[in-house]
Amino acid sequence: MSDLPVRPGRLNGLRHIALLVPNLEECERFYVDVMGMKVLNRANEDLVYLTCGNDNLSLGRGAGVANGLQTLDHYGFIVDSVEELEAWFHYFKARGVTLLDKPFNHGDGARSFHILDPAGNKVQPLYHPAVSGQRLV
């Protein structure tokens, strides 16, 4: 029996983003095992497509920008309620995921926090009343 916490309900999507990561296998495990994504398509040994069901995350093996500076600030996964956001925060904390801050309120009714994936990308779990709860068919 595992001592790992139970993952909160599924994320409600990012739609699509493509990342180059130096540690493809570790990042794939993070997004599948920790974030709950599924492998949509393994194009080749250096490219895998993942999904939450209504979106697409492309992970490609690569060193990134030649100057070594990250040009992407962050990207966000939508959750459907403030309660789910809190559950994800506690889940990530229990899994040892790097937390950059605690859940906080935005001026527009949104609430979020930030984490790092294994490649150092900043990921924002986000509740936003204008987007949360929507489902794409």
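Residues numbered from 1 in each chain as written. Predicted model: local features only at pLDDT ≥ 70, side-chain atom pairs only at ≥ 80, totals over all residues. Heavy atoms only, no water.

As for its position among the elements, tyrosine 127 is in strand β10 (residues 122-127). By relative accessible area, which is 18% here, tyrosine 127 ends up buried. In this structure, the C-alpha to C-alpha distance between tyrosine 127 and glutamate 83, residues 44 residues apart in sequence, is 9.3 Å. (Helix = DSSP H or I, 4+ residues; strand = E, 2+ residues; numbered from the N terminus. Buried < 20%, exposed > 50% of the residue type's maximum accessible area, 1.4 Å probe, protein only.)

This brings us to the confidence of the model for the protein chain. Low-confidence regions, as indicated by low pLDDT, have predicted coordinates that should not be scrutinised in detail. Residue-level pLDDT values for the protein chain average 87, and 91% of them are 70 or greater. Ranking the helices and strands of the protein chain by mean pLDDT puts strand β6 (residues 98-99) first, with 98, and strand β1 (residues 16-21) last, with 82. (pLDDT = per-residue confidence, 0-100.)

Quick look at the nonpolar core now. Tyr31, Met35, Leu59, Phe77 and Phe92 are the most contacted members of the largest nonpolar core, which totals 30 residues. Every element with two or more residues in this core is listed here: β1, α1 (24-34), β3 (47-51), β4 (56-61), β5 (75-79), α2 (82-95) and β10. In contact with tyrosine 31, other than residues within four places in its own chain, are Leu19, Gly36, Met37, Leu50, Leu57, Leu59, Tyr75, Phe77, Asp117 and Val123. (Core = buried A, V, L, I, M, F, W, Y, C linked by side-chain atoms within 4.5 Å. Contact = heavy atoms within 4.5 Å.)

Looking now at the pattern of salt bridges. This structure, assessed with the given rule, holds four salt bridges. A salt bridge links arginine 61 to glutamate 25; the nearest nitrogen and oxygen atoms lie 2.7 Å apart. Taken together, the residues arginine 61 in strand β4 and glutamate 25 in helix α1 connect sequence positions 36 residues apart. What makes arginine 61 partly exposed here is its relative accessible area of 34%. One continuous salt-bridge network, built from bridges that share partners, spans Glu25, Asp46 and Arg61. (Salt bridge = Lys/Arg side-chain N within 4 Å of Asp/Glu carboxyl O.)

All right, on to α1 then. Regarding α1, the residues found buried are Leu24, Cys27, Glu28, Phe30, Tyr31 and Val34. One or two steps after α1, the chain reaches glycine 36, where phi turns positive at roughly 85°.

By the definition in use, this model includes seven aromatic pairs. Between the aromatic rings of tyrosine 75 and phenylalanine 77, the centroid separation amounts to 6.2 Å while the plane-to-plane angle is 70°, which identifies the pairing as edge-to-face. Accessibility assignment for this pair places tyrosine 75 and phenylalanine 77 in one class, buried. Ring plane angle 65° and centroid distance 6.2 Å describe the contact between phenylalanine 92 and phenylalanine 113, whose orientation is recorded as edge-to-face. Pair noted here: phenylalanine 92 is in helix α2 and phenylalanine 113 is in the loop between β8 (111-112) and β9 (115-116), with a separation of 21 residues, a long-range link. One aromatic cluster in this structure is built from Trp88, Phe89, Tyr91, Phe92 and Phe113. (Phe/Tyr/Trp six-rings, centres within 6.5 Å; stacked < 30°, edge-to-face > 60°.)

The sheet built from four strands is open, its strands ordered β1-β4-β3-β2 with mixed pairing. The sheet terminates laterally at β1 and β2 (38-44), the two strands that pair on one side only. The sheet shows a mean angle of 20° between the axes of neighbouring strands, direction not considered. Pairing of β2 with β3, which is carried by five bridges, proceeds in the antiparallel orientation. (Pairing = 2+ DSSP bridges. Axes fitted to C-alpha atoms, helices over the stretch in contact; angles between N-to-C directions.)

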